[in-house]
Amino acid sequence: MFIGGAITRYSSFEGQMPIKEGQTTNEIISDLTYFNLSVTDGDKTLNYNKHPYTMSYFNSKDTKWPLKRTYKQNFLFKDKVITLKSLDYIPSAKDSVEATELGKKMLNIVSVGQTGRVNNYISDGGTKSINGMIFSFNNPIKGSIQLTERNNNLYIDLPVEGQYMSMLGQQKGVVTDSLLLARQSGTIKANESTMLNHRALYSVNGVNFIIPNSIFKGKRVYYKGDKTEPMDKNLLDVVQIELESGNTKDTLFIKGGKGVTGYSETTQINGLNVSIGFGSKILYTDFSIRCDDFILDRYPGSNNPSSYESKITIIDSDKENQHHIYMNNVVDYKGYRFFQASYFPDESGTILSVNADRWGTNVTYFGYFLLFTGMFFTLFWKKTHFWKLNHSLKKMRTKSYILLFMLFFGLGATGHAQNDIFQPEDSLALQHQKIGPNTQFAKPNELGSKRIINLDHAKKFGQLLVQDFQGRVKPMDTYTLELLRKIHKKDVYKKGDINITPIQWFISMQIDPGYWANEPLIKVSKKGGDQLMKETGANADGYTSYTNLVDLNSGIFKLEIQNKNSFSKRKAEQSNYDKAVIEVTERFNIFSNIAFGYYTNMIPVKNDPSQTWVSWIYSTEESPVEIDETAYRFLTPYFNGVKEGLKTNNWINADKSIKEISELQKTWGKDIIPSDLKIKLEILYNHLNAFFWLMIVYSFLGMALIIIGFLGVLSSIPKYHRLIHFSTKILLGLMVLALTIQALALAVRWYLSGHAPWSNGYEAIIFISGIGVLSGLLLYKNRNAFIPAAGALVAMIMMGFAHGGSMLDPQITPLEPVLKSYWLMVHVGIITSSYGFFGLSAVLSVISLILFSIKPSKKTSHSIKELTIVNEMSLTIGVFALTIGTFLGGMWANESWGRYWSWDPKETWAFISVILYAVVLHLRLVPKLKSKLVFNIASLWAIWSIIFTYFGVNYYLTGLHSYAAGEPIPIPIWIYVTVVAMLIVSVVAYFRGKKIGIRL
């Protein structure tokens, strides 16, 4: 593998090939970056870009020795040597200009376009590209807009004919003196030097600019941008360099980075004109590729991409071969591999990733094969250390039932107006009803005190379908449950002794939102403190009403200013108050949108290729309130039927409207609606809430088995042993039943979502918890209740995090295009399985260290030995699974992006975890560290590498697996609590073991 990596590193290359539809190219933009130089003396021109170099934090001027790195290279031009040395590196650089008499002469060119006025600063002797035009200042370059200083005046020389218009005759965009305007506007001829007018707007080849101020002295100042800000994400990097030749030195700021191929600055030094850039270089193939068609599919009714693909033609001499490239489907040609990487923002063409690494990939894959083969024999060949551990357990005591069938079981589980043929029966009555955004609302006192929807009718409404904002079509039962959870943080709303279901609440909201505006429905986190409780008028349980959050005089949201202040802060700087304000604001907005009807996208648009479903009300950029007449004709009779049902308890008309809407959905939405079986199964899945109840069951089983385990170790009365053994069997049977239910629930979620149930954070946590339980059962030997107890406790911890944290959302969501692959099931399934075994090892270590800390006996020593052996076996399986999963992920990456290893943070930390656990497993080979106490302490603390690999990388670092784009968030309090608890257990066990003479 290392040989393959070396071949990849030194003989292969990667790049991108952007191609517009209908265009042909043979140019590849390299992924590696270079310092690109073009040097000329007027007679001869040489280009230099042979040596790749990657700038990083270590090139920053603030980096101290010994980490400081400096790029330095000599370039020979005839008999002259040009030396380039890096001085500073500013990633995602933003710039400003600081006026100073010690600085260079500078000009401010203000460009005017669709994005408004933009300041562009150009230094004496420099060049600047503005909207595709090159400007030069005191540096005449052919083809540029030349700005030259002569006799304290500034002259402009255009390469093509341009226009100017004086701003003296205008005020606020209104021409006030047409005669003056006529005299002070006109045409500037090409290549004719003219004195510049600082009050004139110039237009050249569609580039509009004004130079409002005279020449001034200043220096350009660059500072690092914030990658978490959308406006800063695409900023170029800046490298400050020193250029030296002969006795002349010059300092320049070079803008560039990956994907940039042009020159950033031009200067004269030692009689030479030098153009410098930093970025990619262009490579050329001996064949060309034409993009015949680029196709982007979206999820129905959503702007989220579902997939994108390219139809291309490879043109080689007189031969043309057509190919189809899409995610996880590559094209190989002449040693090059072409992958579907991205597309132009305006969807006018494709961006292909190109890789040429046949030998490096094949050698590395052969290394993977040898590694996987070795691991297979380690686990299943009877002369290995793993089998010796297994044999040791057999010798310690007669083995109980092994539950081998669980292995096989576990692996298997692992603005519209539609012309529609449908018309509601009472649509004629609607023709006499005024269409408006509040037509469906009940009139004051119309309903009296009746607000609770008939439960049977609510169940029928729950089977209707709705399209969410991500394009997924789901039952209303699911949708309303998700909305109530977001607002109320509970699955039902309690009003006195009555439980109001999410569907009942949602329907009632559509006809009488004013009633619900006064209900304490919106959750306010107590973490926001007394100040937020007071500002929101929350009750003792932490709930407030919509009315409490609105200023009744102005109608403005009371926390509007607080929310703006809180939202503008980086997450790492947000206090608990800030986070609570943002959460309340989100719930307030959801409540508002429900009340106005924006969450009833239940009506399919007839013959819409995008498969969009609409509500009766929607908003556009031009108007916040628009009415869809077709949706209105179907939904308004339903709302009228609901009001009738509440007043008379006659739900016939409301039920009839449900049938009409259902028939409409089945006719015009038939291509995307789920089957009746899937609808009923999803509703059952919602109501069972299996994973939450399993968390409680695993908590009970884990604690009960822990108690039984300690009773077995500490008890010296023989007659209790049979009772303990019988109780253990009962609890194990319940654990097998619970795991079976969990596997079935995961299978149902798989069926409902259409993809393996470990594609997001919530699903992965649930899957890991199941593997933790399975690993405890598989490794349960010799009647030691601690082992399955540890598996149950892993499930309790993981499921508790899934259901107790705000970072994980149980909602079923569509997949990203790159995840639509069988690799998702294989790679992610194996990786997350390893986490279950590591979690089991960590809990077993805690139990062992507790046993080290109590009064020593023959039973405790025997139990410690058992647990340590099982711990080592669990770690071995975990390391093998993590290693195999990581390298299979590399193979997936190679199929998707053309590289099997790119030192992405997830890859890097998975590799660190493998190495760390390998060290823990081999401590037995170090004489001074060959003890069970040391092994258990190391096994316990090693779990932090897994925690950071999963949570740290996902939420703190930038990479392909990140959820937070590298934006730091505060470290959760449970991290500190866990560290302190682990430290106490480790220290107590260490000194207790030292006191009783355990060899450390």
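In the block above lies the structure referred to throughout.
Within each chain, residues carry numbers counting from 1 in the order of the written sequence. Predicted model: local features are reported for residues with pLDDT of at least 70 only, side-chain atom pairs are reported and counted for 80 or more only, and whole-chain, interface and lining totals are derived from all residues. Hydrogens and water are ignored here; the side-chain numbers use all heavy atoms of the structure.

**Student:** Please clarify how the overall build of the protein chain should be interpreted in this entry.
**Tutor:** Helix and strand counts for the protein chain stand at 25 helices and 40 strands. Per-residue accessibility, obtained with a 1.4 Å probe over protein chains only, is compared with the maximum for each type, and a residue is labelled buried under 20%, exposed over 50%, and partly exposed between these values. Considering the protein chain as a whole, with its 1000 residues, one finds that 50% of them fall into the buried category. Throughout, the Shrake-Rupley method with a 1.4 Å probe supplies accessible areas, and for residues the shown protein chains are the sole cover considered. Accessible area for the protein chain stands at about 49,300 Å²; split by element, carbon and sulfur atoms hold 57% of it. The numbering of helices and of strands both runs from the N terminus, where a helix is a DSSP run of H or I of at least 4 residues and a strand a run of E of at least 2.

**Student:** What should I look at first to understand the pattern of salt bridges in this one?
**Tutor:** When the charged atoms of two side chains lie near each other, side chains of opposite charge can form a pair. Should a side-chain nitrogen of Lys or Arg be within 4 Å of a carboxyl oxygen of Asp or Glu, the pair is scored as a salt bridge. The full count for this structure, using the stated rule, is 21 salt bridges. Among the ionic pairs, Asp292 bridges to Arg290, the shortest N-O distance being 2.7 Å. Arg290 sits in the partly exposed class, given a relative accessible area of 22%. Between Arg472 and Glu682 there is a salt bridge, with the nearest N and O atoms lying 3.0 Å from each other. Placement of the pair is Arg472 in the loop between strand 31 (465-467) and strand 32 (473-475) and Glu682 in helix 16 (residues 676-688), with a sequence separation of 210 residues. According to the relative accessible area criterion, Arg472 is buried, its value standing at 12%. Residues participating in the shared-partner salt-bridge network are Asp286, Asp316 and Lys334.

**Student:** Whenever I open this one, unusual backbone geometry confuses me. Can you help?
**Tutor:** Most peptide bonds take the trans configuration, and most residues that are not glycine carry a negative phi. Cis geometry marks the peptide bond from Trp65 to Pro66, where omega comes out at 15°. Assignment of secondary structure puts Pro66 in the loop between strand 4 (45-48) and strand 5 (72-77). A positive phi angle, close to 45°, is found at Ser92, a residue other than glycine. Along the chain, Ser92 falls in the loop between strand 6 (80-90) and strand 7 (93-113). The class of Ser92 is buried, set by a relative accessible area of 4%.

**Student:** Help me out: how do you make sense of helix 23 (residues 905-921) in this one?
**Tutor:** At 3.6 residues per turn, the α-helix brings residues three or four places apart onto the same side. Given the number of residues in a helix, its expected span is that number minus one, multiplied by 1.5 Å. If you check helix 23, its first and last C-alpha atoms are 24 Å apart, about what 17 residues at 1.5 Å a residue would give, namely 24 Å. Taken residue by residue, helix 23 has Pro905, Lys906, Glu907, Ala910, Ser913, Val914, Tyr917, Val920 and Leu921 as its buried positions.

**Student:** Got a minute to help me understand a nonpolar patch on the surface in this structure?
**Tutor:** Any residue with relative accessible area above 30% and no salt bridge may belong to a patch, with like charges joined within 9 Å and the nonpolar Val, Leu, Ile, Met, Phe, Trp and Tyr side chains within 5 Å. A cluster of nonpolar residues, Phe700, Leu723, Phe726, Ile730, Leu734, Leu737 and Ile741, forms a patch on the protein surface that exposes about 700 Å² of accessible area. Looking at the nonpolar patch element by element, the count peaks at six residues for helix 18 (residues 718-753). Residue position: Leu737 is located in helix 18.

**Student:** Teacher, can you tell me more about the nonpolar core here?
**Tutor:** Within soluble globular proteins, side chains that are nonpolar generally end up buried alongside one another. Phe691, Phe838 and Ile943 are the most contacted members of the largest nonpolar core, which has 105 residues in total. Per element, the largest residue contribution to this core is 15 residues, and it comes from helix 21 (residues 822-853). For Phe691, the residues in contact, after removing those within four places along its chain, are Tyr685, Gln742, Ala745, Leu746, Tyr762, Ile766, Met799 and His803. Buried Ala, Val, Leu, Ile, Met, Phe, Trp, Tyr and Cys residues that are joined via side-chain atoms within 4.5 Å together make up what is termed a nonpolar core. Judged by nonpolar contacts, the second largest core, of 62 residues, contains Phe506, Leu549, Ile594 and Leu664. Contacts are residue-level and defined by heavy atoms, with any inter-residue pair within 4.5 Å sufficient.

**Student:** Can you walk me through the sheet that holds strand 17 (residues 194-195) in this structure?
**Tutor:** Through backbone hydrogen bonds, the strands of a sheet pair up, either in parallel or in antiparallel fashion. Here, strands pair whenever DSSP counts at least two bridges between them. With respect to topology, five strands assemble into an open sheet ordered 9-10-11-12-17, the strand pairing being mixed. Every other strand in the sheet has two partners, leaving strand 9 (127-130) and strand 17 as the edge strands with one partner each. Of the pairings in the sheet, the one linking strand 9 to strand 10 (residues 133-137) comprises four bridges and is antiparallel in character. Within strand 10, the residue paired with Thr127 across the bridge is Ser136.

**Student:** Just checking my understanding: could you explain the packing of aromatic side chains for this structure?
**Tutor:** Aromatic ring pairs are reported here in terms of the distance separating the ring centres and the angle at which the planes meet. Only the six-membered ring of Trp is used, alongside the rings of Phe and Tyr, when aromatic pairs are assigned; centres must lie within 6.5 Å, and planes under 30 degrees apart are stacked while those over 60 apart are edge-to-face, with the rest tilted. In the structure shown here, the tally under the stated rule is 41 aromatic pairs. Both rings, one in Phe294 and one in Tyr343, keep their centres 5.4 Å apart while their planes meet at 35°; by these two values the pair is tilted. On the criterion of sequence distance, the pair formed by Phe294 in strand 25 (residues 282-298) and Tyr343 in strand 29 (residues 336-343) is long-range, its members being 49 residues apart. In textbook terms, an aromatic cluster arises when at least three aromatic residues are bridged by ring pairs, as seen for Phe13, Phe287, Tyr333, Tyr336 and Phe338. For a ring to carry a charge above it, either NZ of a lysine or CZ of an arginine must fall within 6 Å of the ring centroid while also lying within 35 degrees of the normal to the ring plane. Positioned over the ring face of Tyr543 is Lys523, at 4.8 Å from the centre of the ring. Lying across the ring of Tyr751, Lys678 places its NZ or CZ 4.8 Å from the centre.

**Student:** What is the right way to read the pairing of strand 5 from this model?
**Tutor:** Here is the key point about a regular strand: its side chains alternate between the two faces of the sheet. Examined bridge by bridge, strand 5 and strand 6 share six bridges and lie antiparallel to one another. The residue bridging Phe75 from the neighbouring strand is Ile82, located in strand 6. Turn length for the strand 5-strand 6 hairpin, with the two strands adjacent in sequence and antiparallel, is two residues, and the turn residue Lys78 shows positive phi of about 55°.

**Student:** Looking at this model, I keep getting lost on the sheet that holds strand 28 (residues 331-333). Mind explaining?
**Tutor:** Read across the open sheet, the eight strands follow the order 27-26-25-2-1-30-29-28; overall the sheet is antiparallel. Pairing within the sheet leaves two strands with one partner each, and these edge strands are strand 27 (319-326) and strand 28. Strand after strand, the sheet turns through a mean of 40° between neighbouring axes, direction not considered. Note that strand 26 (residues 305-316) and strand 27 share eight bridges and pair antiparallel. If you follow Glu309 over to strand 27, its bridge partner there is Tyr326. The axes used here are C-alpha line fits, helices contributing only the stretch in contact, and every angle between their N-to-C directions lies in the interval 0 to 180 degrees.

**Student:** How do you make sense of the pairing of strand 12 (residues 153-157) when you look at a structure like this?
**Tutor:** With four of its five residues buried, strand 12 lies for the most part within the structure. By the bridge criterion, five bridges tie strand 11 (residues 145-150) to strand 12 in an arrangement that is antiparallel. By the bridge assignment for strand 12, Arg150 is matched with Asn153. Between strand 11 and the antiparallel strand that follows it, strand 12, lie two residues; Asn151 among them carries a positive phi value of about 55°. Examined bridge by bridge, strand 12 and strand 17 share two bridges and lie antiparallel to one another. Counted as the bridge partner of Ile156 is Thr194 from strand 17.

**Student:** Where do I start with the packing of helix 9 (residues 502-511) against helix 14 (residues 629-648) in this structure?
**Tutor:** Packed helix pairs are specified by the crossing angle of their axes together with the interaxial distance, meaning the distance between the axes. In the contact formed by helix 9 and helix 14, the axes pass within 10 Å of each other and the chain directions differ by 105°. When the interaxial angle is binned, helix 9 and helix 14 end up roughly perpendicular. Contacts from Ile507, Gln510 and Ile511 of helix 9 reach helix 14 at Tyr638, Phe639, Val642, Lys643 and Leu646. An angle below 35 degrees is read as roughly parallel, one above 145 as roughly antiparallel, one from 65 to 115 as roughly perpendicular, and any other as oblique.

**Student:** Explanation requested: helix 7 (residues 455-462) in the structure shown.
**Tutor:** Residues of helix 7 that are buried include every one of His457, Ala458, Phe461 and Gly462, and no others. Summarising the axial view, the buried residues of helix 7 lie within an arc of 145°, below the 170-degree limit, and thus occupy one face. Those residues of helix 7 that are buried are in contact with strand 32, helix 8 (476-488), helix 9, helix 14, helix 15 (652-668) and helix 16. A distance of 3.0 Å separates the backbone nitrogen of Asp456 from a side-chain oxygen at the start of helix 7, and that oxygen is part of Asn454. The directions considered for the arc are those from the helix axis to the C-beta atoms. Pairing of N or O atoms within 3.5 Å defines a polar contact, subject to two protein rules: one partner must be a possible hydrogen donor and the other a possible acceptor, and residues neighboring in sequence count only if both atoms are side-chain atoms.

**Student:** Is there a simple way to think about the packing of helix 1 (residues 2-11) against helix 3 (residues 358-380) in this case?
**Tutor:** Interhelical geometry of helix 1 versus helix 3 gives an angle of 165° and a closest axis separation of 7 Å. In terms of axis orientation, helix 1 runs roughly antiparallel to helix 3. Remark: the crossing between helix 1 and helix 3 carries left-handed chirality. Residues Ile3, Gly4, Gly5, Ile7 and Thr8 of helix 1 form the contact with helix 3, whose participating residues are Trp359, Gly360, Thr361, Val363 and Thr364. Three classes are used, and their members are as follows: Ala, Val, Leu, Ile, Met, Phe, Trp, Tyr, Cys and Pro are nonpolar, Asp, Glu, Lys and Arg are charged, and the others, Gly among them, are polar. Looking at the contact of helix 1 with helix 3, its residues break down into four nonpolar, six polar and no charged. Left-handed describes a crossing whose near helix is turned anticlockwise from the far helix by less than a right angle; the clockwise case is right-handed.

Read these as spatial facts, not as claims about activity.
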